[in-house]
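A look at the structure
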Amino acid sequence: MIKTLSKAQKMEREKFRIPRSVQDAIPIRRIFADGIFQVGNQYSKTWSFTDINYAIASKEDKTPMFLDYSELLNALDSGASAKITIYNRRINKAEFEKSVLLPDKADGLDEYRHEFNKMLTAQVTGTSNSIVRERYLTVSVVKRNADEARSYFARVGTDLVTHLAQLSSVAQELTLTERLHIFRDFFKAGEQAAAEFNIHEHAKRGQHFKDWFCPDSMEFAADHFKLDARYGRVLYLQDYASYIKDSFVSELCDLDRDLMLSIDILPVPTDEAARQLQSTLLGVETNVANWQRRQNANNNFTATIPYDMELQRKETKEMLDDLTTRDQRMMFGLVTLVHLADNKEQLDSDTETLYSTARKHLCQLSTLRWQQKDGLDTVLPYGLRKIQALRTLTTESTAVLIPFRAQEIMQPNGLYYGQNAVSKNMIVADRRLLLNGNSFRLGVSGSGKSMSAKEEIVQIALSTEDDILILDPESEFGYLTEALGGEVIRISATSDTHINALDMHNKLIVNHTQIFAPALHDLYAAQKILDDNESQRQELNQQIQLLAKKLHNLSRLREKNCITAAQYWERRNPLERELTDVKNTISKAATNHPLLRTLAQTKQLAEHYTYLKPLTEFDEYEFKFAVNRVLVDSESCTFELKNGMKFKEIF
């Protein structure tokens, strides 16, 4: 046996304890606030990573993706084990309604909102729209204490995030609450937590952290288990085909059920793997030589080497060549899968469907008999491996089990744009979050460009307070605008409204109340500040007068020898300090002269407008939308436009 495998099995081995409760059946020993778990003799950390558009990419684009994923596997540390988990989670109804459905606003358009929400709900209850596929990478390592494990995960996490970024996949380290949510969603699907998990509050109340996510009951049978009222079964990949397509994992996860598939990877150091293969090749060559010697002894000098010996020698040479010349690594792999159903009949039917999918790829899935508990601990992202059904693989053969399929777009508070062509899930996007939120629609005539634009306009009108301006040369959006309470301005040769590009507008009186509304609002606020300061200054002046009177009375008492010198200075010093503090306060609260000057200039400007004098030959409508800032001095008023231009009016 390879030293790495035997060493890993020895370090991971722990004494078996019969669980006395549901909490004891969960193998987590300790949790830490930064998301590290202690499971058995190991410490584990989990990262989540997003999907990429692998299934819809062309062959030319798939090749670099596959090679980048192979580099990620090569970057895994040989001193630890890794687990890649794909989790099919059913959409939480309350979470979906909060993020996608349109709330009522009592503005006369709620009827349209109800109809739109009904359509979205129907989309979710379709074949696979209610399933969200999440991906996790869990790294487990044996360390002496949590501090050493924390330093190790900090180093390894940087490498993982960097390699996943090369695949355009965004990796994120899971916090303690996010990691516990995975197990709560699995064990208590559909049950909302009364409160979010808080490790400090649980410790204060003396509650065990497992109480927050463990089920009410767990029952394990020979070939299945039961979580509360749901049934589940753990399978493992027993036989591998000599050739597996890269869509194998995605097809296994296409089942419309709560499902979790894990790929355990135990990397082997290249030098150790090369020595092992050289030793194996030497043994094969020895067997071939002994067989030929026996044939020669029987005077059979033309005998052909048996096929199994020749095949074993060929495969060993190819694998040794991969390790030494093609930058491959030897790895031990294990594929486990758990799926849940509402009843036993449905569970058996789903199991047969998974068997058929595996047989289609010339592989064989088998049920773990009397090992359902160990299988469940293996497939869940604890960081454990209790099933010893490892298969020797190279980097490329492991990379074939690629976890990527198609990128999902499900942004909170976004707009519904349709369905993903691969996963059939909804596409909900918020273009305001993009660096460039512009969009255009391209398609042949009759493909639905105007219809999709109308759908987006309806969603914007029903869910936001944004202004919508439509230039409609084909008169397609008039009825929609009127139905949503908008205004339609018809411009044509026969309409009452027209635009003359050569029309030079006469000197109009600018609607100064709209132009100066923001500036005047700030000035009124400034005036209120001055009034408050004046009131505060009057109160401080009264305090100064009171303190001065106390000092005067204290001096009179000293002159008449009613108090000693020590008593005099003992009382005088606090009064003087208090008087100094009050004077400093009144100096800070003094009148703001620039504000007074601005108010006076604004008053002059108001007097100027009482005569309704025109400013410039500039359109009033343009002023309302173009003026960015108004600068006032004693002689003029300057209008600074948003395009950088300035107009100055002399009083």
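Here the structure is a predicted model, which is why all the values come from computation and not from measurement. (Residues numbered from 1 in each chain as written. Predicted model: local features only at pLDDT ≥ 70, side-chain atom pairs only at ≥ 80, totals over all residues. Heavy atoms only, no water.)

Helices and strands together make up the secondary structure of the protein chain, namely 20 helices and 18 strands. The proportion of buried residues among the 651 residues of the protein chain is 41%. Of the contacts formed within the protein chain by residues at least 6 apart in sequence, a portion of 72% connects residues at least 24 apart. A total of about 37,900 Å² of accessible surface is found on the protein chain, and carbon and sulfur atoms cover 51% of it. (Helix = DSSP H or I, 4+ residues; strand = E, 2+ residues; numbered from the N terminus. Buried < 20%, exposed > 50% of the residue type's maximum accessible area, 1.4 Å probe, protein only. Contact = heavy atoms within 4.5 Å. Areas by Shrake-Rupley, 256 points an atom, 1.4 Å probe, with all protein chains shown as cover.)

When charged atoms on two side chains of opposite charge get close, those side chains can pair. Under the counting rule described, the total for this entry stands at 33 salt bridges. Its salt-bridge partner being Arg 313, residue Glu 310 comes within 2.9 Å of it at the nearest N-O pair. Residue Glu 310 and its partner Arg 313 are both found in helix H10 (residues 307-325); the two are separated by three residues, about one turn of the helix. With a closest N to O distance of 3.9 Å, Asp 377 and Lys 386 form a salt bridge. Overlapping salt bridges, with partners in common, bring together Asp 223, Arg 233, Lys 344 and Asp 348 in one network. (Salt bridge = Lys/Arg side-chain N within 4 Å of Asp/Glu carboxyl O.)

What follows is about a positive patch on the surface. Residues Lys 15, Arg 17, Arg 29 and Arg 30 make up a contiguous surface patch of positive charge. Locating Arg 17 in the fold gives a position in the loop between helix H1 (3-12) and strand S1 (28-31). (Patch = residues over 30% accessible without salt bridge, like charges linked within 9 Å, V, L, I, M, F, W, Y side chains within 5 Å. Lys, Arg positive; Asp, Glu negative; His and termini not counted. Charge placed at Lys NZ, Arg CZ, Asp CG, Glu CD.)

Extensive coverage of strand S5 (residues 131-141) is indicated by the burial of ten of its eleven residues. Looking at chain direction, strand S3 (residues 42-49) and S5 are connected through six bridges and run antiparallel. By the bridge assignment for S5, Ser 48 is matched with Tyr 136. Looking at chain direction, strand S4 (residues 81-90) and S5 are connected through ten bridges and run antiparallel. Bridged to Arg 90 within S5 is Ile 131. (Pairing = 2+ DSSP bridges.)

Turning to the packing of helix H2 (residues 59-74) against helix H5 (residues 146-166), a few remarks are in order. At a minimum axis distance of 9 Å, the contact between H2 and H5 shows a crossing angle of 170 degrees. As far as their axial angle goes, H5 and H2 are roughly antiparallel. Between H2 and H5, the contacting residues are Asp 68, Glu 71 and Leu 72 on the first element and Leu 160, His 163, Leu 164 and Gln 166 on the second. (Axes fitted to C-alpha atoms, helices over the stretch in contact; angles between N-to-C directions. Parallel < 35°, antiparallel > 145°, perpendicular 65-115°, else oblique.)

With that out of the way, let us pick up the packing of aromatic side chains. Taken as a whole and assessed by the stated rule, the structure comprises twelve aromatic pairs. Summarising the aromatic geometry, the rings of Phe 183 and Tyr 382 are spaced 4.8 Å apart at their centres and angled 10 degrees between planes, so their arrangement reads as stacked. Placement of the pair is Phe 183 in helix H6 (residues 176-187) and Tyr 382 in the loop between helix H12 (372-379) and strand S13 (391-394), with a sequence separation of 199 residues. This pair shows no difference in class: Phe 183 is buried, exactly as Tyr 382 is. Among the aromatic residues, those joined into a cluster by ring pairs are Phe 37, Phe 183, Phe 186, Phe 187, Phe 213 and Tyr 382. One Lys or Arg, Arg 184, reaches over the ring of Trp 212 and ends 5.2 Å from the middle of that ring. Taking NZ or CZ as reference, Lys 454 lies 5.6 Å from the ring centre of Phe 477, over its face. (Phe/Tyr/Trp six-rings, centres within 6.5 Å; stacked < 30°, edge-to-face > 60°. Lys NZ or Arg CZ within 6 Å of the ring centre and 35° of its normal.)

Position of Thr 398 relative to the elements: it lies in helix H13 (residues 395-399). Looking at Thr 398, the relative accessible area reads 3%, which means it is buried. A distance of 2.8 Å separates a polar atom in the side chain of Thr 398 from the backbone oxygen of Thr 394. In this structure Thr 398 touches Leu 73, Ile 265, Met 331 and Leu 393, once residues within four positions along its chain are discounted. (Polar contact = N/O pair within 3.5 Å; in protein donor to acceptor, adjacent residues only side chain to side chain.)

Moving on to a nonpolar patch on the surface. Where nonpolar side chains cluster on the molecular surface, the patch consists of Ile 489, Ile 491 and Ile 499 and spans about 340 Å² of accessible area. Looking at Ile 491, the relative accessible area reads 47%, which means it is partly exposed.

The next subject is unusual backbone geometry. Phi at Ala 106 is positive, roughly 55 degrees, even though this residue is not glycine. Position of Ala 106 among the secondary structure elements: in the loop between helix H3 (93-99) and helix H4 (110-124). A relative accessible area of 70% places Ala 106 in the exposed class. The residue Ser 168 is not glycine, and still its phi comes out positive at about 65 degrees. When you line up the elements, Ser 168 lands in the loop between H5 and strand S6 (171-173). Judged by its relative accessible area of 58%, Ser 168 falls in the exposed class.

In this fold, Thr 357 is placed in helix H11 (residues 344-360). Relative accessible area serves as the criterion here: at 14%, Thr 357 is assigned to the buried category. Sequence-distant contacts of Thr 357, defined by excluding residues within four places in its chain, comprise Glu 251 and Leu 252.

Before going further, it helps to examine the packing of helix H9 (residues 270-297) against H10. Where H9 contacts H10, the two axes come as close as 9 Å, and the packing angle between them is 155 degrees. One element, H9, and the other, H10, form an angle in the roughly antiparallel class. As H9 packs across H10, the resulting crossing turns out to be left-handed. In contact with Thr 270, Ala 273, Ala 274, Leu 277, Gln 278, Thr 280, Leu 281, Val 284, Glu 285, Asn 287, Val 288 and Trp 291 of H9, H10 contributes Met 309, Gln 312, Arg 313, Thr 316, Lys 317, Met 319, Leu 320 and Leu 323. Each residue belonging to the contact of H9 with H10 can be placed in one class, and the counts come to eleven nonpolar, six polar and three charged. (Left-handed = near helix turned anticlockwise from the far one by under 90°. Nonpolar A, V, L, I, M, F, W, Y, C, P; charged D, E, K, R; others polar.)

A few words now on the nonpolar core. If you look at the biggest cluster of nonpolar residues, it comprises 55 residues, and the most contacted ones within it are Tyr 69, Phe 153, Leu 261 and Phe 404. Ranked by residues supplied to this core, first place goes to H5 with seven residues. Not counting chain neighbours up to four residues away, the residues in contact with Leu 261 comprise Ile 84, Thr 85, Ile 86, Val 249, Leu 252, Cys 253, Val 335, Thr 336, Leu 337 and Val 379. Within the second largest apolar cluster, 37 residues are counted, among which are Val 22, Phe 183, Leu 227 and Leu 376. (Core = buried A, V, L, I, M, F, W, Y, C linked by side-chain atoms within 4.5 Å.)

Another point: the confidence of the model for the protein chain. For the protein chain, the mean per-residue pLDDT works out to 82, and 82% of the residues sit at or above 70. A low-confidence stretch, residues 504-520 (pLDDT under 50), is modelled with 26 contacts involving residues beyond four sequence positions or located in other chains. Overall, residues 601-625 carries pLDDT values under 50, and its contacts beyond four positions in sequence, including any with other chains, amount to 42 contacts. (pLDDT = per-residue confidence, 0-100.)

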